[in-house]
Amino acid sequence: MPKLYEYFGLRIYFYANEHEPVHVHGFYQGRESKAELVIENGVVVGIRILSVAGMKPLNGKALADFKLLISRKGEDIVGKWIEFFVHHRQIETEIITRKLK
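Not measured: the values here are computed from a predicted model.

Trainee: So what exactly am I meant to see when it comes to the packing of aromatic side chains here?
Mentor: In total, this model carries 8 aromatic pairs according to the counting rule given. Seen from their ring centres, Tyr-15 and Phe-27 are 6.5 Å apart, and the 55 degrees between their planes marks the pair as tilted. One end of the pair, Tyr-15, is in the loop between β2 (10-13) and β3 (23-28); the other, Phe-27, is in strand β3, with 12 residues separating them in the sequence. Tyr-15 sits in the partly exposed class, given a relative accessible area of 23%. Judged by its relative accessible area of 12%, Phe-27 falls in the buried class. Cluster of aromatic residues (ring-pair linked, three or more members): Phe-14, Trp-81, Phe-84 and Phe-85. Above the face of the Phe-8 ring, Lys-99 is positioned so that its terminal group lies 4.1 Å from the ring centre.

Trainee: Teacher, can you tell me more about the pairing of strand β5 (residues 43-51) here?
Mentor: Regular strands place their side chains on alternate faces of the sheet. Across 8 bridges, the pairing between strand β4 (residues 31-40) and β5 is antiparallel. Bridge pairing in β5 links Glu-36 to Arg-48. Adjacent in sequence and paired antiparallel, β4 and β5 are bridged by 2 residues, among which Asn-41 carries a positive phi angle near 50 degrees.

Conventions we followed
Residues numbered from 1 in each chain as written. Predicted model: local features only at pLDDT ≥ 70, side-chain atom pairs only at ≥ 80, totals over all residues. Heavy atoms only, no water. Phe/Tyr/Trp six-rings, centres within 6.5 Å; stacked < 30°, edge-to-face > 60°. Helix = DSSP H or I, 4+ residues; strand = E, 2+ residues; numbered from the N terminus. Buried < 20%, exposed > 50% of the residue type's maximum accessible area, 1.4 Å probe, protein only. Lys NZ or Arg CZ within 6 Å of the ring centre and 35° of its normal. Pairing = 2+ DSSP bridges.

Rendered as structure tokens:
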């Protein structure tokens, strides 16, 4: 399960056996949500936040941070998806220590 980002306690992952559409999972204090990237003509045009079966969804500040991180890193996530699932390369975790705006 490659970890893409750490952001003030929020962790963003791909599951190693994933499927399309391109999406990531966000974890914070025992909660989990999924963000699907909506891609048209190779460009991220939207994000869908979804619940994960059997898990309490992210809420409050953790959910807001998840949405912000995904909106700022959408293109990077697509690139990492291609690297991991298409080219079978390892993904380095990016630890973000500055607040995103």
